[in-house]
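Coordinates in review
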Amino acid sequence: ARHFSCVKVLTRRASLDSATSVFLFRRFSEELHTRPRERDTSERERSQSVTAFYYQSAIDQAAAKSPDKSHILRSAQYLSKELPVRIAHRIAGFRNLPFIVGCNPTILQVHELYIRAFHILSNFPVITNLQGEEKYSDTLRQLLDDHKDVVTMLAEGFAQVRKHITDENLIRTFLDRTLTSRLGIRMLAEHHLSLHDEKPNHVGVVNIAFSPRRLIEKKAQYAKSLCEGKYGNAPNVVLNGHLNATFPYIQPPLDYILTEILKNSFRATVETHSSNGYNMPEIVVTIANNDSDFVIRVSDRGGGLPQKLVQKAFEYNFTTAGAVREDHDGGLFDSFVASPQSTPTPGKMHGYGFGLPTARAYANYLGGSLTMETMEGIGTDVYLRLGHLDSKSESFRI
Ligand code: ADP
Ligand code: MG
């Protein structure tokens, strides 16, 4: 039976591949033709999304907003060219995975989702008017929903094939690229969709008056409720620093990053101080902001990590949470997670070892950094550093 299913997998892959390769090839040759100096895909995607945001930045958008909605039409036309190319690059990434990895049913399922999305988007009729744009937006909305579990699926799939892989770099490169590219695609799509809404303080996905404090409070409350659900107990979170700071920023990736950092601190604190009952050391979050950057530091007294594990903590699938299967008690909380790209382990405290590496990949993608200082036996500080969005300088380069 196993042999048979592998053969089936093989033929399925083969037929899908031949169907897409024509498109892929055409796309690639166009790409290479038009952009001879930017052949490295991640470099290209980076600069592409950067340009996208640069040109669609809050200020430009506000200025370009036209009462006849032609800015929405232009945005859709731009996406209809851009998205298939980006997705094609991701499909190429899946095809280059080692055979044993690409054959994993969960990973293959994600591969197929990308191929399907590629066909839907590249076969979409040319958008010439607002009716076409309306249909295009519906399609995007549907695809965003179809792909919402991709991070969890990849986390699960790679947890299963990990034991067959010796080349750590290969996995890291693939996942860094796939996850950040997905983030970029989703941000572009959501940005477009939100051009339709009149949300106060927002231009597309850019929140003009983003308040780190408000976001941290919200995420802390969410992580706390998860923690209480799992352990029956949770420490408090206190905030200090530049509590009143507000500036323009794109919130969705921060939702993810902060949730993951906070969940880790909650878990470490509760597991280290379980005998202290309700008298646990609080988690302290500091906001620091200047003209060019802002830093969010999350400090816990959760016992830290041995120095030799700090590197490992940033590897995909490294976890000290024990077998993944043991942690399948998240059912109750699954429904709490509404945000599409919220967490790779929806409603769960921990489990796949994807939190830190994904959060760091996102931070790097946004042009910032995520670092950790830990003291075994005492606690951990995680620093998230990000540059301000600024349409004048290049700091807004995503
Ligand atoms: P997961 O939470 O699923 O285990 P992460 O990538 O979020 O995966 O974290 C990887 C590992 O790093 C954790 O299992 C834990 O051992 C360690 N870690 C992360 N944050 C902390 C922290 N604040 N204190 C102590 N250990 C931590
Ligand atoms: Mg975690």
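Before reading further, recall that the structure is shown in the block above.
In what follows, the accompanying structure is described. (Residues numbered from 1 in each chain as written. Chains lettered and ligands numbered in written order. Predicted model: local features only at pLDDT ≥ 70, side-chain atom pairs only at ≥ 80, totals over all residues. Heavy atoms only, no water.)

**Quick notes on the site of ligand 1**
- As a structural note, the neighbourhood of ligand 1 is formed by 21 residues, with Asp300, Thr319, Thr320, Gly351 and Leu356 the closest of them.
- Here a nitrogen atom of ligand 1 and a side-chain polar atom of Asp300 are 2.8 Å apart.
- Within the contact set of ligand 1, an oxygen atom lies 2.9 Å away from a backbone nitrogen or oxygen of Leu356.
- In isolation ligand 1 offers 540 Å² of accessible surface; the protein chains occlude 96% of this area.
- Of all elements in the fold, only α11 (252-272) and α14 (355-365) reach the threshold of two or more residues within the shell around ligand 1.
- The leading source of residues in the shell around ligand 1 is α11, at 4 residues.
- Broken down by class, the residue content of the shell around ligand 1 amounts to 9 nonpolar, 10 polar and 2 charged. (Near = heavy atom within 4 Å. Polar contact = N/O pair within 3.5 Å; in protein donor to acceptor, adjacent residues only side chain to side chain. Areas by Shrake-Rupley, 256 points an atom, 1.4 Å probe, with all protein chains shown as cover. Helix = DSSP H or I, 4+ residues; strand = E, 2+ residues; numbered from the N terminus. Nonpolar A, V, L, I, M, F, W, Y, C, P; charged D, E, K, R; others polar.)

**Some remarks on the pairing of strand β6 (residues 293-300)**
- In terms of residue burial, β6 counts as a mostly covered element, since 6 of its 8 residues are buried.
- Here 6 bridges tie strand β5 (residues 283-289) to β6, and the two strands are oriented antiparallel to one another. Counted as the bridge partner of Thr286 is Arg297 from β6.
- The loop that links β5 with its antiparallel partner β6 comprises 3 residues.
- Relative to strand β8 (residues 379-387), β6 is paired through 8 bridges, and the arrangement is antiparallel. (Buried < 20%, exposed > 50% of the residue type's maximum accessible area, 1.4 Å probe, protein only. Pairing = 2+ DSSP bridges.)

**A look at helix α8 (residues 150-161)**
- The terminal C-alpha atoms of α8, which comprises 12 residues, lie 16 Å apart, in line with the 16 Å expected from a rise of 1.5 Å per residue.
- Counting buried residues along α8, 9 of its 12 residues qualify, which places the element largely inside the surrounding structure.
- Turning to α8, its buried residues number three or more, namely Val150, Val151, Thr152, Met153, Leu154, Ala155, Gly157, Phe158 and Val161.
- Looking at the buried positions of α8, the neighbouring elements they touch are α4 (70-95), α5 (99-102), α6 (105-122), α9 (168-194) and α14. (Expected span 1.5 Å × (residues − 1). Contact = heavy atoms within 4.5 Å.)

**Quick word on the packing of α4 against α9**
- One way to put it is that α4 packs onto α9 with a least axis distance of 10 Å and a crossing angle of 165°. With respect to α9, the element α4 is oriented roughly antiparallel. In terms of crossing hand, the pair formed by α4 and α9 is left-handed. Residue-level inspection shows Ile72, Ser75, Ala76, Leu79, Glu82, Leu83, Arg86, Ile87, Arg90, Gly93 and Phe94 of α4 in contact with α9, the latter providing Phe174, Arg177, Thr178, Ser181, Gly184, Ile185, Leu188, Ala189 and His192.
- Residues of the contact of α4 with α9, tallied by class, amount to 10 nonpolar, 6 polar and 4 charged. (Axes fitted to C-alpha atoms, helices over the stretch in contact; angles between N-to-C directions. Parallel < 35°, antiparallel > 145°, perpendicular 65-115°, else oblique. Left-handed = near helix turned anticlockwise from the far one by under 90°.)

**Thoughts on the nonpolar core**
- Counting residues in hydrophobic clusters, the biggest one holds 94 residues, and the most contacted among them are Tyr136, Phe158, Leu175, Tyr249, Leu254, Ile257 and Leu370.
- A per-element tally of this core places α9 first, with 10 residues.
- Once residues within four sequence positions are removed from consideration, Tyr136 is found in contact with Ala76, Leu79, Ser80, Leu83, Leu121, Phe124 and Ile127. (Core = buried A, V, L, I, M, F, W, Y, C linked by side-chain atoms within 4.5 Å.)

**Points about the environment of Phe314**
- With respect to the helices and strands, Phe314 occurs in the loop between α12 (307-313) and α13 (331-334).
- Residue classification places Phe314 among the buried residues on the basis of a relative accessible area of 6%.
- Spatially, the C-alpha atom of Phe314 lies 35 Å from that of Ser80, the residues being 234 residues apart in sequence.
- If we skip the residues at most four places from it in the chain, Phe314 touches Arg172, Leu356, Pro357, Arg360, Leu370 and Met372.

This is a description of form; function is not addressed.
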